[in-house]
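Single-letter residue listing:
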Amino acid sequence: MKKHNFYAGPSILTPYTIKNTADAVINFADTGLSLLEVSHRSKEFVAVCEEARALVAELLQLPEDYKVLFLGGGASMQFCMVPFNLMKKKAAYTDTGTWAHNAIKEAKIFGEVEVLGSSKDENYIYIPKDFTIPSDVDYFHFTSNNTIYGTEVRKDYDSPVPVVCDMSSDIFSRVFDPTKYGIIYAGAQKNLAPSGVTIVIVKESLLGHVDREIPTMLDYRTHIKKDTMFNTPPVLPIYSALQTLKYYKEQGGVAAMEKLDLEKAAILYDEIDRNKLFRGTVAEEDRSIMNVCFVMNPDYAELEKEFYDFAVSKGIVGIKGHRSVGGFRASLYNALPKESVEVLVNAMKEFEAKH
Ligand SMILES: *Cc1c(COP(=O)(O)O)cnc(C)c1O
């Protein structure tokens with residue numbers, strides 16, 4: 001049976017990415033060697049890495065002084081690397097979910113954190129909006145898409161200080177103005193590649209202004225200086241990332257992805273709103289187009305397990321909600337075809353007709 005993969009991360013990749021990665025694991029760039037056994041300093045792999053960096057810059061239309069790095073340690077490593085490199089005394093954060101919360105916790109190790117808004121008391125079902133970014137902080141940090149709760153900030157903030165953004169689960173799904181950002185980071189396993197690599201985009205002029213000593217590996221300048229090859233980078237995930245980036249470009253770039261993502265999300269949210277058995281969990285204006293969270297309406301709460309099993313019987317995989325929200329979460333990343341969303345919506349309709 002055809003599977004429809006709604007996992008939140010690691011998550012669906014394009015067939016193009018999977019096929020080319022599998023081929024390269026057998027014979028990489030006609031070297032007669034597996035991608036798994038070649039030097040990261042071979043000319044073939046250096047070319048892969050350079051092309052991937054260039055494509056990130058091209059797809060996101062990054063200005064000249066923004067450097068693209070492929071680092072290990074996951075997005076979670078950036079929770080400490082950001083303050084390590086940028087915080088002199090104080091930074092501002094919004095608290096919009098578990099990941100934002102974890103980022104705040106790390107930042108507090110390095111200085112004072114001003115939390116500009118938090119929706120924690122309502123289990124993060126909305127994005128705080130009633131705040132002004134102060135001008136006496138070193139940077140402002142936010143999470144653009146809250147993967148666990150299904151809320152998203154689909155705009156760029158105007159800020160008097162550099163903006164740092166965790167775009168792990170929505171990078172390449174929205175056209176944005178990169179000049180509004182100082183640092184962008186994204187774990188690749190949500191919308192780009194297998195786990196193991198994090199894309200970090202750094203405006204170089206922001207670095208070198210803190211007094212503290214920074215361990216070599218945690219200093220962005222180390223990686224910029226060596227074109228992201230200071231040490232062995234995650235070779236296979238970078239190769240896969242390149243395949244996905246090529247696919248995005250071929251499809252028409254980020255704008256084309258955004259159009260498709262908006263259509264897919266509308267199809268599912270319309271059904272959640274229409275179907276008497278279900279309801280969405282977050283404020284309508286903050287709904288994520290990447291992670292759609294929904295639960296059974298209270299009158300039908302006892303049908304949750306039955307619907308889950310029904311969905312599984314249709315080939316639908318990975319819609320169990322995160323334990324802190326419950327119910328269901330359907331992740332609609334770029335690689336998920338519209339057809340899979342239609343299969344889910346049809347399952348919801350069929351299930352409604354049975355009850
Ligand atoms: C998944 C996720 C993370 C954590 O990523 P790791 O690569 O596992 O460290 C951080 N932020 C967001 C928004 C995420 O979705």
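If you're wondering where the values come from, they're calculated on a predicted model, not measured in any experiment.

(A) Structural detail: the packing of helix 8 (residues 304–313) against helix 9 (residues 338–354). At a minimum axis distance of 10 Å, the contact between helix 8 and helix 9 shows a crossing angle of 130°. Viewed along their axes, helix 8 and helix 9 adopt a mutual orientation that is oblique. Read as a crossing pair, helix 8 and helix 9 show a hand that is right-handed. Across the interface between the two elements, Glu306, Phe307 and Phe310 of helix 8 pack against Leu344, Ala347, Met348, Glu350, Phe351 and Lys354 of helix 9.

(B) Quick peek at the site of the ligand. Near the ligand, the surroundings consist of 13 residues, among which Ser76, Thr147, Asp166, Gln189 and Lys190 are the closest. Here an oxygen atom of the ligand sits 3.0 Å away from a polar atom, N or O, in the main chain of Ala75. Separating an oxygen atom of the ligand from a side-chain N or O atom of Thr147 is a distance of 2.4 Å. Alone, the ligand offers 390 Å² of accessible surface; in the complex the protein occludes 87% of this.

(C) View of the state of the cysteines. Under the counting rule described, the total for this entry stands at zero disulfides. Not part of a disulfide, Cys80 finds its nearest cysteine sulfur in Cys165, a span of 18 Å. On the accessibility criterion, Cys80 (15% relative accessible area) is buried.

(D) Representation of unusual backbone geometry. In the segment running from Gly9 into Pro10, the intervening peptide bond is cis, with an omega of -10°. Not every positive phi belongs to a glycine, and Gln61 is a case in point at roughly 50°. Tracing the backbone through its elements, the reader meets Gln61 in the loop between helix 2 (43–60) and strand 2 (66–71). We note that Asn123 has phi near 50°; this positive angle belongs to a residue other than glycine. Checked against the element boundaries, Asn123 lands in the loop between strand 4 (112–118) and strand 5 (140–143). Of the residues examined, Asn123 reaches a relative accessible area of 36% and is grouped as partly exposed.

Criteria and cut-off values
Residues numbered from 1 in each chain as written. Predicted model: local features only at pLDDT ≥ 70, side-chain atom pairs only at ≥ 80, totals over all residues. Heavy atoms only, no water. Axes fitted to C-alpha atoms, helices over the stretch in contact; angles between N-to-C directions. Helix = DSSP H or I, 4+ residues; strand = E, 2+ residues; numbered from the N terminus. Parallel < 35°, antiparallel > 145°, perpendicular 65-115°, else oblique. Left-handed = near helix turned anticlockwise from the far one by under 90°. Contact = heavy atoms within 4.5 Å. Near = heavy atom within 4 Å. Polar contact = N/O pair within 3.5 Å; in protein donor to acceptor, adjacent residues only side chain to side chain. Areas by Shrake-Rupley, 256 points an atom, 1.4 Å probe, with all protein chains shown as cover. Disulfide = S-S within 2.5 Å. Buried < 20%, exposed > 50% of the residue type's maximum accessible area, 1.4 Å probe, protein only.

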